[in-house]
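A closer look at the structure
Residue-level listing of the chains:
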There are 2 protein chains.
Amino acid sequence: MVTEPPPEPPPEPQRFKRRIPEGDDRERAVCQRCGFIAYDNPRLIVGAVCLWEDRILLARRAIAPRQGFWTVPAGFMENGETPAQGAAREVREEALAEVEIGPLIGLYPLAPIDQVHMIYRARMTSPRHAPGPESLETALVAWADIPWDELAFPSIHWALGDHARTAGSTAFQPGTTPPDWVPTPLR
Amino acid sequence: MVTEPPPEPPPEPQRFKRRIPEGDDRERAVCQRCGFIAYDNPRLIVGAVCLWEDRILLARRAIAPRQGFWTVPAGFMENGETPAQGAAREVREEALAEVEIGPLIGLYPLAPIDQVHMIYRARMTSPRHAPGPESLETALVAWADIPWDELAFPSIHWALGDHARTAGSTAFQPGTTPPDWVPTPLR
Ligand SMILES: [Zn+2]
Ligand SMILES: [Zn+2]
């Protein structure tokens, strides 16, 4: 799970200038040499609250941001996959676990940072789990043992709450970002 | 509503080559001159089935793709907005109508074209509507008068069906893409 895009050198400032392309109605980063328009649209983060019996699969992050903090498996959705497929892929990559994806627990817009987080409920198909390259450790924890003060991102907190609120049901609207949320720098 | 990104000159092929950047695990388009990585992530389309009493707001497209066909207001989500705000903006831009956004009717992944369509139910706050610059005309139509054979995009069809299926309720999971859907060229 990453709340910031992967490391990326910014477009050279002298090459990309912000202007409104013809037929568009807002500024885009346009290459001054060839006219290439670097559309920058909101990014989707997909992940899952994964259950084995009534324990929840958490992973401790091996990488920035929020190295050492706990998360549910989640990360940037990639081209060519559905959000559910992306969530299952992140579970596989970060916690070496296999899941069946269930209902959408939460759909959390983070408008100030141009992200939308989509977190599903998932059922592990076996209790096996282990840290992938982006995780220090993984654990199946009971609700009472969730390390609330060591969660990596606000949306993980919200998703765990929305999971509890909707547990056992498949007929509910996904939870959303609390209206009073404001972004704070994470490290 | 556009199912293809707005007109955009492709990156000059000799400049951008696909390779796996350091620390990444899949190919990206990387500029051969400066190393700029053009991350190309799935795009979000946001829109709304807008109701005045029990009639539905449709707009006839003035632009490609699917010029002349009918749609519900929808388009690319922009940075700095939530999906619901984006949907309300598209209603304003394409049909000059004001709405209150309600539940998420459908979340339709179109993995082969790297899009996710999110369609909400919305209530018009007045019966006023009129074509914006991207529409030829707008209309409030009864269910029986929906021009099913002249709808612009499959996701519009699905969203109208999922709206009918969930009408009057706010406790349901959003509908999804039919498993047998395959992309077909639209013009
Ligand atoms: Zn250029
Ligand atoms: Zn370059």
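Residues numbered from 1 in each chain as written. Chains lettered and ligands numbered in written order. Predicted model: local features only at pLDDT ≥ 70, side-chain atom pairs only at ≥ 80, totals over all residues. Heavy atoms only, no water.

- An unreviewed UniProt entry annotates chain A as ADP-ribose pyrophosphatase YjhB, NUDIX family originating from Roseospirillum parvum.

1. Quick word on the sheet that holds strand S2 (residues 28-31) of chain B
All names here are of chain B.
- With antiparallel pairing, three strands are arranged side by side in an open sheet as S1-S2-S3. Each of the sheet's edge strands pairs with one partner strand only, and the pair in question is strand S1 (16-19) and strand S3 (37-38).
- As defined by bridge partners, S1 adjoins S2 across four bridges and the pair is classed as antiparallel. Each bridged residue has a counterpart across the sheet, and for Lys17 the counterpart in S2 is Val30. (Pairing = 2+ DSSP bridges. Helix = DSSP H or I, 4+ residues; strand = E, 2+ residues; numbered from the N terminus.)

2. Topic: the sheet that holds strand S1 (residues 16-19) of chain A
- Reading across the sheet, the three strands line up as S1-S2-S3 (chain A) and stay open at both edges, with antiparallel pairing between neighbours. Among the strands making up the open sheet, the edge pair consists of S1 and strand S3 (37-38) of chain A.

3. Points about the pattern of salt bridges
- On inspection of all chains with the given rule, the structure shows 14 salt bridges over all chains.
- The residue Arg89 of chain A makes a salt bridge to Glu93 of chain A at a minimum N-O spacing of 3.3 Å. You can see Arg89 of chain A and its partner Glu93 of chain A sitting in helix H1 (residues 83-95), four residues apart, about one turn around the helix.
- Residue classification places Arg89 of chain A among the buried positions, given a relative accessible area of 10%.
- Here Glu90 of chain B makes a salt bridge to Arg89 of chain B, at a shortest N to O gap of 3.0 Å.
- Bridged by salt links that share partners, the residues Glu81, Arg89, Glu90 and Glu93 of chain A form one connected network. (Salt bridge = Lys/Arg side-chain N within 4 Å of Asp/Glu carboxyl O. Buried < 20%, exposed > 50% of the residue type's maximum accessible area, 1.4 Å probe, protein only.)

4. Concerning helix H2 (residues 154-166) of chain A
Residue and element names in this part refer to chain A.
- Look at H2: 18 Å from first C-alpha to last across 13 residues, which is about the 18 Å you get at 1.5 Å a residue.
- Where H2 is concerned, the buried positions are Ser155, Ile156, Trp158, Ala159, Leu160, Asp162, His163 and Thr166.
- Considering only its buried residues, H2 is in contact with strand S4 (43-52), strand S5 (55-61), strand S6 (70-71), strand S8 (99-110) and strand S9 (115-124).
- Gly168, located one to two residues past H2, shows a positive phi value of around 85°. (Expected span 1.5 Å × (residues − 1). Contact = heavy atoms within 4.5 Å.)

5. Thoughts on H1 of chain A
Residues and elements named next belong to chain A.
- Across its 13 residues, H1 extends 18 Å between first and last C-alpha, which sits within 8% of the 18 Å expected from 1.5 Å per residue.
- Those residues of H1 that fall on the buried side of the exposure criterion are Pro83, Gly86, Ala87, Ala88, Arg89, Glu90, Val91, Glu94 and Ala95.
- Phi turns positive one or two residues past the end of H1, at Leu96, with a value near 45°.

6. Re the side chain of Ser135 of chain A
All names here are of chain A.
- Mapped onto the secondary structure, Ser135 falls in strand S10 (residues 135-141).
- Polar side-chain contacts of Ser135 include one of 2.7 Å to the backbone oxygen of Glu94.
- Once residues lying within four places of it in the same chain are set aside, the contact partners of Ser135 are Ala59, Arg60, Ala62 and Glu94. (Polar contact = N/O pair within 3.5 Å; in protein donor to acceptor, adjacent residues only side chain to side chain.)

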